[in-house]
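# Chains, contacts and geometry: an overview
Residue strings, one per chain:
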Amino acid sequence: MAAGTKASQKPRIFTCGMCQITIPYVYYGRQPKSAPQVVFLEEAFIAQDPFATEPRPLCLGSKCAICQRPVCVSCSIFYTKRFCGDCGLQHKESFPPELHSVLGKLKEEAAK
């Protein structure tokens with residue numbers, strides 16, 4: 001195969017900075033080429049949904065708006081921007097009271 005073809009490209013791996021899960025991803029950005037009708041509200045690490053019958057983007061996570069650490073959707077909260085659990089807890093007073101319980105759950109999960 002010629003250089004530059006898909007087979008010769010090094011796979012890109014997303015690693016969460018909190019839980020250390022590693023997942024291959026196909027795109028980083030707001031609008032995946034495989035689904036131009038989809039526009040994410042953040043620059044995100046995108047994989048193809050392995051359970052979908054048609055190409056469908058699946059958001060794995062993004063970079064924390066404060067510390068820039070890549071975090072998965074399970075270890076973070078999205079409220080206008082993505083925040084890792086650590087930064088979310090440090091800036092808890094900046095979030096609406098309705099989200100404080102979500103931040104508490106992130107803390108519980110991180111302790112496991």
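Residues numbered from 1 in each chain as written. Predicted model: local features only at pLDDT ≥ 70, side-chain atom pairs only at ≥ 80, totals over all residues. Heavy atoms only, no water.

### Details of the side chain of Asp 49
Looking at the element boundaries, Asp 49 is found in the loop between strand E4 (44–48) and strand E5 (57–63). Nearest to the buried, unbridged Asp 49 among oppositely charged side chains is Arg 56, at 4.7 Å. Apart from the residues lying within four places of it in its own chain, the contact partners of Asp 49 are Arg 56 and Leu 58. (Helix = DSSP H or I, 4+ residues; strand = E, 2+ residues; numbered from the N terminus. Buried < 20%, exposed > 50% of the residue type's maximum accessible area, 1.4 Å probe, protein only. Lys, Arg positive; Asp, Glu negative; His and termini not counted. Salt bridge = Lys/Arg side-chain N within 4 Å of Asp/Glu carboxyl O. Contact = heavy atoms within 4.5 Å.)

### Considering unusual backbone geometry
Even without being glycine, Gln 20 reaches a positive phi, approximately 70 degrees. Residue placement: Gln 20 occurs in the loop between strand E1 (12–15) and strand E2 (22–25). Relative accessible area serves as the criterion here: at 48%, Gln 20 is assigned to the partly exposed category. One non-glycine residue, Gln 68, adopts positive backbone phi at about 65 degrees. With respect to the helices and strands, Gln 68 occurs in the loop between E5 and strand E6 (70–72). Judged by relative accessible area, which is 47%, Gln 68 ranks as partly exposed.

### Details of the pairing of E1
Strand direction decides the pairing type here: E1 and E2, joined by four bridges, are antiparallel. Bridge pairing in E2 links Thr 15 to Thr 22. Once E1 ends, the chain turns through six residues before running back antiparallel as E2, passing Gln 20 with a positive phi of about 70 degrees. (Pairing = 2+ DSSP bridges.)

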